[in-house]
Amino acid sequence: MSITNESEFIGMQKVSEAVAYTLKEMTNYAQPGMTTKEIDEFGAAILKRFGARSAPALTYGFPGCTCISIDDEFCHGIPTDQRVLKEGDLINIDVSAELNGFWADNGNSFVIGKDINNHNKLVNASKEILQKAINNIKGGVKIADIGFLMETEAKRRGFKVIKNLGGHGVGRSLHEAPDELMNYKNRFDNRRFRKNSVVAIETFISTDSHIAIELNDGWTMVGNKGGYMAQHEHTIMITDGKPVILTQMNEIFN
């Protein structure tokens, strides 16, 4: 969407705060020994207090409130009481929701407990790449140039990017134009970011794979060559200068 007045800006602020606060609290809550369903239900209760509704459940009929992916699961993991978190697991929580007709999206990859499996190098690379990408986005900047920046930064750190997952417009629905905000340079993409538009910018930084493939459950995605992936995501409003990070409250850069 493009924000054209104060009430739209306030609407986007409110839904962004709801998803950001929920993500922060779920991140702090997750501990070894918990199931992914417990964490999802904890997040669902927070969203409900805001009056917000799960975006993946509303839009796609996703069997959970939030997407929670563990270790070799890259994204869209289904919360279940069968999956118990262990010390050192790499976890990704993606929270998106609707509130009063506005939609926002954010995500965070982090390590459960101590980093005994050395995942933090990947996690930190993903955070740094997202931060650098956001700092370079403003009205008129070519979308493909931000993709080039993200892939270049990933390669410099010894990682790959997933080429069939990307960020997207958001605001009046979960996925809007511009779609396919990729983590690499598509030389055929001549689109530019537009001032006052709202987008969800996200990283998909991988150790081994460059394509995500869907498992038989119809949701969970893993790498075509295995390994691990970190994803971090903010909903932002584009300006003539630095973007407004609407989901700043999730504190994923802290």
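Please refer to the structure placed before this passage.
The structure contained in this document is the topic of the report that follows. Please read all numbers here as calculations on a predicted model, not as lab measurements.

Take the layout of surface pockets next. By volume, the largest pocket amounts to about 500 Å³. For the largest pocket, the lining is made up of 24 residues, of which His-76, Gly-166, His-168, His-175 and Glu-202 are closest to its centre. Among the secondary structure elements, those contributing two or more residues to the lining of the largest pocket are helix H3 (55–60), strand E4 (90–99), strand E7 (166–169) and strand E8 (176–182). Its residues assigned to classes, the lining of the largest pocket shows 10 nonpolar, 9 polar and 5 charged.

Looking now at the packing of aromatic side chains. The tally for this structure, following the rule as stated, stands at 3 aromatic pairs. Ring centres of Tyr-29 and Phe-42 lie 3.8 Å apart, and the angle between their planes is 5°; on these two criteria the pair is classed as stacked. Taken as a pair, Tyr-29 in helix H1 (residues 6–29) and Phe-42 in helix H2 (residues 36–50) lie far apart in primary sequence, 13 residues in all. The exposure class of Tyr-29 is partly exposed, given its relative accessible area of 29%. Residue classification places Phe-42 among the partly exposed residues on the basis of a relative accessible area of 25%.

Counting across every chain of the model gives 1 cavity of 30 Å³ or more. Empty space within the largest cavity amounts to approximately 50 Å³. Around the largest cavity sit Ile-143, Ile-146, Gly-147, Met-150, Leu-181, Met-182, Phe-193, Ile-201 and Glu-202, which together line it. Secondary structure elements with two or more residues in the lining of the largest cavity: helix H5 (143–156), E8 and strand E9 (198–202). Looking at the lining of the largest cavity element by element, the count peaks at 4 residues for H5.

Pairing of E7 with E8 involves 3 bridges; the strand directions are antiparallel. Across the sheet, the residue bridging to Gly-169 is Glu-176, located in E8. Where E7 folds back onto E8 in an antiparallel hairpin, the turn is made up of 6 residues, including Gly-171, whose phi is positive at roughly 150°.

Take H2 next. Between its first and last C-alpha atoms H2 spans 22 Å; for 15 residues at 1.5 Å apiece the expected length is 21 Å, and the two agree. Burial in H2 covers these residues: Thr-36, Ile-39, Asp-40, Gly-43, Ile-46 and Leu-47. The buried residues of H2 occupy an angular sector of 120° when the element is viewed end-on, so they sit on one face. Within H2, the exposed residues directed more than 90 degrees away from the buried face are Lys-48 and Arg-49.

Strands sit in the order E6-E10-E13 across an open sheet of 3 strands; the sheet is antiparallel. Only two strands of the sheet have a single neighbouring strand rather than two, namely strand E6 (160–161) and strand E13 (229–230). Pairing of strand E10 (residues 205–206) with E13, which is carried by 2 bridges, proceeds in the antiparallel orientation. Within E13, the residue paired with Ser-206 across the bridge is Met-229.

Within the structure shown, the criterion is met by 13 salt bridges. Put simply, Glu-98 and Arg-53 hold a salt bridge, and the shortest N to O gap is 3.0 Å. In this pair, Glu-98 sits in strand E4 while Arg-53 sits in strand E1 (residues 53–54), placing the two residues 45 residues apart along the sequence. Relative accessible area serves as the criterion here: at 8%, Glu-98 is assigned to the buried category. The partner of Arg-157 in a salt bridge is Glu-153, and the shortest N-O contact between them spans 2.7 Å. Accessibility classification places Arg-157 together with Glu-153 in one group, the buried group.

Calculation notes
- Every residue gets a number counted from 1 within its own chain, in the order that chain's sequence is written.
- Local features in this predicted model are restricted to residues of pLDDT 70 or higher, and side-chain atom pairs are both shown and tallied only at a pLDDT of 80 or more, whereas totals for entire chains, interfaces and linings draw on every residue.
- To obtain the side-chain values, all non-hydrogen atoms of the structure were included, while hydrogens and water were left out.
- As defined here, a cavity is a set of points on a 1 Å grid over the protein atoms alone where a 1.4 Å probe fits but cannot get out. A pocket is an open set with protein on both sides within 12 Å along at least five of seven lines, and residues line them when an atom is within 4 Å of a point.
- Grid points are joined across faces, edges and corners, and a volume is the space filled by probe spheres set on the points.
- Helix and strand assignments come from DSSP, with helices taken as H or I runs of at least 4 residues and strands as E runs of at least 2, each series counted from the N terminus.
- In this classification, Asp, Glu, Lys and Arg are treated as charged, Ala, Val, Leu, Ile, Met, Phe, Trp, Tyr, Cys and Pro as nonpolar, and every other residue, Gly included, as polar.
- Two aromatic rings, drawn from Phe, Tyr or Trp (for Trp, its six-membered ring), form a pair once their centres lie within 6.5 Å of each other, and the interplanar angle then sorts them: stacked below 30 degrees, edge-to-face above 60, tilted otherwise.
- Residue burial is assigned from relative accessible area. The probe radius is 1.4 Å, only protein chains are included, and a residue is buried under 20% of its type maximum, exposed over 50%, and partly exposed in between.
- Any two strands with at least two DSSP bridges between them are considered paired.
- Expected span of a helix: the number of residues minus one, times 1.5 Å.
- Along the arc lie the directions from the helix axis toward the C-beta atoms.
- A pairing counts as a salt bridge when a side-chain nitrogen of Lys or Arg comes within 4 Å of a carboxyl oxygen of Asp or Glu.

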